[in-house]
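Structure assessment
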Amino acid sequence: MNPERFLRSFHILDLLVGQEDGLRLSEIRDALMLPASSLHNMLKTMVAAGVLAVNEDLRYVVGPRMRDLARVTVDAIDVRQHARPHLDALAREIGHDAYLGLRRGRRVFYADRCLSGVRVSLKVQLGVPLYLHSTATGKLFAAHAPELADQALQGPLRRFTRRTLTDPAALAAEYDRIRKRGWAISQEETVAGIVGYAVPIRAGNAL
């Protein structure tokens, strides 16, 4: 496969993650600025491989093969067993849901969660890559990993709410603030009305 075409498939997956209703070909084309003809061929290939699925409304969503891979990845992570008691204690103390975020290569994702029992709770899928520009956990990891920061700053920076950082200069400044204060916050940047905090767990000087 052409290297550029291979990378585009990941851009498509990044775009569709968290889009429960999916996106039409035209929406994907506009977001990624790709030619419609070549994009259509890529989408057909990804659907045939089970990486994507397309519904009756011709909207593309993450397919069963990727969801299975995400579940296998999460199930193989032993660190959850060690972190679970602390995560549960944190959820009880703060009165809000608590998530364990991890990095694998150029991906950041939630590996586990403990629900606090509050009536209003946000359903977040485990094992699904997080956005590096709009989630507190994604921003925290990117701020401390130059290769992740470069990946995010090269875009596209998708807008989810009116507060999403879509200007590379503003995002770079946000990363700098995170490095200085030591923690990250997403202030309604992915979902309106939802504020998230991310605090690092360090092993020596590494995140």
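Here the structure is shown first, and the text comes after it.
It should be emphasised that the depicted structure is a prediction, and the values quoted were computed from it without experimental measurement. (Residues numbered from 1 in each chain as written. Predicted model: local features only at pLDDT ≥ 70, side-chain atom pairs only at ≥ 80, totals over all residues. Heavy atoms only, no water.)

Among the residues of helix α2 (residues 25–32), Leu 25, Ile 28 and Leu 32 are the ones counted as buried. Projected down its long axis, α2 shows its buried positions confined to an angular sector of 65°, all on one face. Once α2 ends, the next one or two residues include Met 33, with phi positive near 55°. (Buried < 20%, exposed > 50% of the residue type's maximum accessible area, 1.4 Å probe, protein only. Helix = DSSP H or I, 4+ residues; strand = E, 2+ residues; numbered from the N terminus. Arc of directions from axis to C-beta.)

Here we take up the environment of Tyr 131. Looking at the secondary structure, you find Tyr 131 in the loop between β4 (107–114) and α6 (136–143). Sequence separation of Tyr 131 and Arg 158 is 27 residues, and the distance between their C-alpha atoms is 9.1 Å. From its side chain, Tyr 131 meets the backbone oxygen of Leu 15 in a polar contact 3.2 Å long. (Polar contact = N/O pair within 3.5 Å; in protein donor to acceptor, adjacent residues only side chain to side chain.)

With the rule as written, the count across this model stands at 3 aromatic pairs. Ring centres of Trp 183 and Tyr 197 lie 6.0 Å apart, and the angle between their planes is 45°; this geometry places the pair in the tilted category. Remark: Tyr 197 occurs in strand β6 (residues 195–198) and Trp 183 occurs in the loop between α8 (168–181) and β5 (184–187); sequence separation between them is 14 residues. Assessed through its relative accessible area of 34%, Trp 183 is described here as partly exposed. Over the ring of Trp 183 we find Arg 181, and its NZ or CZ is 4.4 Å from the ring centre. (Phe/Tyr/Trp six-rings, centres within 6.5 Å; stacked < 30°, edge-to-face > 60°. Lys NZ or Arg CZ within 6 Å of the ring centre and 35° of its normal.)

Now for the nonpolar core. In this structure, Val 108, Leu 132, Leu 148, Tyr 175 and Ile 178 are the most contacted members of the largest nonpolar core, which totals 20 residues. Elements with a minimum of two residues in this core: β4, α6, α7 (146–153) and α8. The element best represented in this core is α6, accounting for 5 residues. Among residues more than four places away in sequence, those in contact with Leu 132 are Val 108, Gly 138, Lys 139, Ala 142, Leu 148, Gln 151, Ala 152 and Tyr 175. Residues Ile 12, Leu 25, Met 42 and Val 51 belong to the second largest nonpolar core, which totals 19 residues. (Core = buried A, V, L, I, M, F, W, Y, C linked by side-chain atoms within 4.5 Å. Contact = heavy atoms within 4.5 Å.)

A word on the pairing of strand β3 (residues 98–104). Judged from the 7 bridges that link them, β3 and β4 form a sheet pairing that is antiparallel. Across the sheet, Leu 102 pairs through a bridge with Phe 109, a residue of β4. (Pairing = 2+ DSSP bridges.)

This part covers the pattern of salt bridges. Tallied over the entire structure, the rule returns 13 salt bridges. The shortest N-O distance in the salt bridge between Arg 92 and Asp 88 comes to 2.3 Å. Of this pair, Arg 92 and Asp 88 both sit in helix α5 (residues 79–94), 4 residues apart, which is roughly one turn of the helix. Take Arg 92: its relative accessible area is 60%, and that puts it in the exposed class. Overall, Asp 88 belongs to the partly exposed group, its relative accessible area being 30%. Residues participating in the shared-partner salt-bridge network are Lys 139, Glu 174, Arg 177, Arg 181 and Glu 189. (Salt bridge = Lys/Arg side-chain N within 4 Å of Asp/Glu carboxyl O.)

So far we have only geometry, and geometry alone does not tell us how the molecule works.
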